[in-house]
Amino acid sequence: MRIEVVTLFPEMLRGAVRFGIVGRALERGLALVGTEDPRAHAVDPRRTVDDRPYGGGPGMVLKPEPLLAAIRAAHARLPNGSPRILLSAQGERFTQRGAAELAALPGFLLVTGRYEGVDERVIELGVDREISIGDYVLSGGEVPALAVIDAVVRLLPGALGDERSSLEESFTQGLLEWPQYTRPEVFEGRRVPEVLTSGNHAEIERWRYARAVERTWLRRPDWIVEHGLAPRASRVLNEVLAARGAGELRRKGESHEQDRAGAREEPDGPEGAGFQAR
Ligand code: 9D3
């Protein structure tokens, strides 16, 4: 896969992608990340890339000529038909599904903005779609571009090695992670849940699945409302809720999760339960 990034801070991109899973995937040749700096396409002696907004107001706007020239230069290095994507707070939300769609392409172009934004004519002439990584204000598109690259590259075949089997991924799909522990067995007075040191693999699997379902209910009830639960998850959630309800009456605060998280994880699942298997 070939990825190109148009950015005023190419060192920021090139530096960040050298690390971790993405860095290793690039070393293995699974993807190639190139950059193009609009400043290299600025023709005046000062290499100007921004200008004041027509109509007045604060801040500066990326001027069209160097930015569009950079987009065209970078796009020419990509396979035909590669989408040109602007990172923009006005874009559609980037999701795991969007990452998987990009991971299936032979290439794509990411365009990052700075200052107050980019001249609208560049979007009309040189951009196919706009994506945002969430509803908070950043100072430019570089960090969002890195988030997109990270999410996409780790999906490429061979990027993860054996770190996580696709079997496991599909079985906990739509659920948050269960809690993880490593040595020592007792840390600052807190013991690892006994089931995990029991050696009973069937019981460990059931415990992990139940904790994943429980956490999803407590922390992301919106997922359950929107996507429903698989039959097994639905059954396990009913068991977990029954156990929590009984436990809270008899021995309030005993649960490990509540000890640590306290009020932050009070049950606040969606009203009117009635969970059906999807
Ligand atoms: C006038 C209001 N603005 C500044 C406070 C608009 C604005 C301009 C430029 C807001 C953000 C930015 C820079 N952000 C991005 O380029 C960006 C972004 C983001 O800020 N949040 C989430 N996703 C993205 S993708 C690109």
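Check the entry above for the structure.
All values reported here derive from a predicted model rather than from experimental measurement.

**Q** Help me understand the sheet that holds strand β8 (residues 129-132), please; the structure alone is not making it clear to me.
**A** Strand pairing in a sheet takes place through backbone hydrogen bonds and is either antiparallel or parallel in direction. Read from one edge of the open sheet, 5 strands run β2-β1-β6-β5-β8, paired in parallel fashion. In the strand order of this sheet, the two ends are held by β2 (32-36) and β8, each with one partner. Averaged over all adjacent pairs, the angle separating strand axes in this sheet is 35°, with direction ignored. Across 5 bridges, the pairing between strand β1 (residues 2-6) and β2 is parallel. Looking across to β2, one finds that Val6 is bridged to Glu36. Lying over the sheet, helix α6 (residues 142-153) contacts β1, β2, β5 (84-93), β6 (107-111) and β8, oriented at roughly 160° with respect to β6.

**Q** What's the story with helix α2 (residues 20-27) in this structure? I'm lost.
**A** Residue pairs spaced three or four apart in an α-helix point in one direction, given the helix's 3.6 residues per turn. Residues of α2 that are buried: Val22, Gly23 and Ala25. The arc enclosing the buried residues of α2, seen along the axis, measures out at 165°, which places them on a common side. In α2, those exposed residues whose orientation departs by more than 90 degrees from the buried face are Gly20 and Glu27. Among the structural elements, α6 are those in contact with the buried residues of α2. Positive backbone phi, at 80°, marks Gly29, one or two positions downstream of α2.

**Q** What is the right way to look at the environment of Ala212 in this model?
**A** Mapped onto the fold, Ala212 is located in helix α8 (residues 201-219). According to the relative accessible area criterion, Ala212 is buried, its value standing at 0%. Linking Ala212 and Leu237, residues 25 residues apart in sequence, is a C-alpha distance of 9.7 Å. Not counting residues within four places of it along the chain, the set of residues in contact with Ala212 comprises Leu175, Leu176 and Trp178.

Parameters and conventions
Residues numbered from 1 in each chain as written. Predicted model: local features only at pLDDT ≥ 70, side-chain atom pairs only at ≥ 80, totals over all residues. Heavy atoms only, no water. Pairing = 2+ DSSP bridges. Helix = DSSP H or I, 4+ residues; strand = E, 2+ residues; numbered from the N terminus. Axes fitted to C-alpha atoms, helices over the stretch in contact; angles between N-to-C directions. Contact = heavy atoms within 4.5 Å. Buried < 20%, exposed > 50% of the residue type's maximum accessible area, 1.4 Å probe, protein only. Arc of directions from axis to C-beta.

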